[in-house]
Every structure is written in structure tokens, then in C-alpha cells.
Amino acid sequence: MNFKELETERLNLKNISTEDSAFILSEFSDDDINEYLFDEEPMTDLQEAMGLIEFYTVPEPREQHRWILVRKSDGQKIGTCGFHCWNRDKHVIEMGYDMKKAYWGNGYMQEAIKAILALAKDELEVHEVILHIYPENKKSVALATKFGFVKSDETIDYDFRGKTYVHSIYTRIL
């Protein structure tokens, strides 16, 4: 199995599963989470949450995976992080992350990213990690920069609700 559960000092990174449907609905129906997501409408029901979970839990080998960030101190689910679009031949993977606003600024996502980058490098043989970040998402830009991601000259467009949102592409060589 390529994708295993991970642990940091304060978090358990639990593989996403059907038992997480209520949390996923809560996460992806939250306006703070959706502010810079320009690929899907906010979730409105458990069926949509289950659809996302099914996407991330197809049998391996798969090109995507998502972890639920669970705070050790109280078992609270606080966010998600993971990989999309793993190109095994080129050793490149795209990463994404999100967290409930109540937990921002506490370093939790830094712990999670450190753990999944180590897994990508040491066990998945990934050589490059890519992020697509909307420029106005200053917290995400700061986090990416802190981890050594470099903004490339390339961009990617997301068409959403009749408008085009240009995202910067950040890369990091592992």
C-alpha cells in the first residue's frame, strides 16, 4: 500500500474513509474553505461528500490520496491534505490542503505537509511536488514559500461560475 496513515507530534493523518462523510461535508460546505477553491460548488449534502471520499479511496494503485488531520489532544478532525494527479513516470505529484479556520495559525498544516512531503520523497519516489494557488490566498502562498516552493512563470486557469481564475503554479524539488 502506497498510502499509509501518518503521525506527527500533534496530529494523526488518517486515511480518508466513509466514516468521514459528515466532516467532509462540513469542511467543503464552509465558506472559509471554499473562498479560494474554484473547481467545485460548495457541498450541500452527504452524497456529495461520499462522492469525494469514493474518488480518494478507489483501490490502489491510484493517482490521488487524502488524509484527514486529527488532533491527538482531543480527536478533533481539523482539516485535510493530500495528493492529486500523481504522474509516476515523471515522479511528479500535485498537493492540496485545507483546514477549518478555527485551527489556522497553530502550525498544524506545517506538521502535516512535512509528513506527507517526507512520504512522497522517501516512499513514493516523487521528485517534484506542485501546488496551484490563487494569488489572493496569501496564507497558502506563505505556507508554500515556507516549505521552499518556488513560483514558476507558468499559470493555470480555472473556469468557475462564468469567470476565469488564474492560479500561480508553485513547485518544489524533493
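Cut-offs applied
Along each chain, the written sequence defines residue order, and numbers are assigned to residues from 1. Per-residue local features are limited, in this predicted model, to residues with pLDDT of at least 70; the limit for side-chain atom pairs, both in listing and counting, is 80 or more; totals at the level of whole chains, interfaces and linings are taken over all residues. The side-chain figures draw on all heavy atoms in the structure; neither hydrogens nor water molecules are used. Nonpolar side chains (Val, Leu, Ile, Met, Phe, Trp, Tyr) are joined into patches within 5 Å and like charges within 9 Å, using only residues with over 30% relative accessible area and no salt bridge. Surface exposure here means Shrake-Rupley accessible area, sampled with a 1.4 Å probe, where a residue is shielded only by the protein chains that are shown. Any Lys or Arg side-chain nitrogen found within 4 Å of a carboxyl oxygen on Asp or Glu counts as a salt bridge. His is not counted, nor are the chain ends, whereas Lys and Arg count as positive and Asp and Glu as negative. Taken as the charge location is NZ of Lys, CZ of Arg, CG of Asp or CD of Glu. Only DSSP runs of H or I reaching four residues or more are called helices, and only runs of E reaching two or more are called strands; each is numbered from the N terminus. Pairs of strands are assigned from DSSP output, requiring at least two bridges between the strands. Whether two residues are in contact is decided by their heavy atoms, any of which lying within 4.5 Å being enough. The convention used is that axes are lines fitted to C-alpha atoms, helices contributing only their stretch in contact, and that angles between N-to-C directions extend from 0 to 180 degrees. Any pair of Phe, Tyr and Trp rings, taking the six-membered ring for Trp, is counted once the centres come within 6.5 Å. Such a pair is stacked with planes under 30 degrees apart, edge-to-face with planes over 60 apart, and tilted for the rest. Ring-over charges, as used throughout, are those where CZ of Arg or NZ of Lys falls within 6 Å of the ring centre and within 35 degrees of the ring normal. Per-residue accessibility, obtained with a 1.4 Å probe over protein chains only, is compared with the maximum for each type, and a residue is labelled buried under 20%, exposed over 50%, and partly exposed between these values. To be clear, the arc concerns the directions from the helix axis to the C-beta atoms.

*Asks:* Explain a negative patch on the surface to me, please; I cannot follow it from the model alone.
*Replies:* Negative charge collects at one region of the surface, where Asp31, Asp32, Glu35 and Glu136 lie side by side. Looking at the element boundaries, Asp31 is found in helix 2 (residues 31-34).

*Asks:* What is the right way to look at the sheet that holds strand 4 (residues 77-87) in this model?
*Replies:* Strands belonging to one sheet form pairs held by backbone hydrogen bonds; the direction of such a pair is parallel or antiparallel. Spatially, 1-2-3-4-5-6-8-7 is the arrangement adopted by the eight strands of the open sheet, whose pairing is mixed. Looking at the sheet topology across the chains shown, the edges are occupied by strand 1 (6-7) and strand 7 (150-160). Sheet topology note: the strand 1/strand 2 (residues 11-15) ladder contains two bridges and is antiparallel. Pairing of Leu6 across the sheet is with Leu13, part of strand 2. Against the sheet, helix 1 (residues 21-28) makes contact with strand 3 (65-71), strand 4 and strand 5 (92-99), and its axis sits at roughly 85° relative to strand 4, the strand it touches most.

*Asks:* Help me out: how do you make sense of the packing of aromatic side chains in this one?
*Replies:* How two aromatic rings sit relative to each other is given by the distance of their centres and the angle of their planes. According to the stated counting rule, one finds nine aromatic pairs in the structure shown. Between Phe38 and Tyr165, the ring centres sit 3.8 Å apart and the planes meet at 10°, which makes this aromatic pair stacked. You can see Phe38 sitting in the loop between helix 2 and helix 3 (46-56) and its partner Tyr165 sitting in strand 8 (residues 163-173), a full 127 residues away along the chain. Between Trp67 and Phe83, the ring centres sit 5.7 Å apart and the planes meet at 80°, which makes this aromatic pair edge-to-face. You can see Trp67 sitting in strand 3 and its partner Phe83 sitting in strand 4, a full 16 residues away along the chain. Site record: aromatic cluster; members linked through ring pairs are Tyr36, Phe38, Tyr134, Phe160 and Tyr165. Above the ring of Trp86, the side-chain terminus of Arg88 is found at 3.8 Å from the ring centroid.

*Asks:* It is not clear to me how helix 1 should be interpreted in this structure. Could you clarify?
*Replies:* For an α-helix, 3.6 residues make a turn, and residues three or four places apart therefore share a direction. Most of helix 1 sits out of view: six of its eight residues are buried. Of the residues making up helix 1, those classed as buried are Ser21, Phe23, Ile24, Leu25, Glu27 and Phe28. The elements touched by buried residues of helix 1 are helix 2, helix 3, strand 3, strand 4 and strand 5.

*Asks:* What is the right way to read the environment of His127 from this model?
*Replies:* Tracing the backbone through its elements, the reader meets His127 in the loop between helix 4 (108-122) and strand 6 (128-133). Given a relative accessible area of 43%, His127 falls into the partly exposed group. When the C-alpha positions of His127 and Tyr158 are compared, they lie 25 Å apart, and in sequence the two are 31 residues distant.

*Asks:* Would you mind showing me how to read helix 3 here?
*Replies:* Turning to helix 3, its buried residues number three or more, namely Ala49, Ile53 and Tyr56. End-on view of helix 3: buried residues confined to an arc of 60°, all on one side of the axis. Where the residues of helix 3 are buried, they touch helix 1, strand 3 and strand 4.

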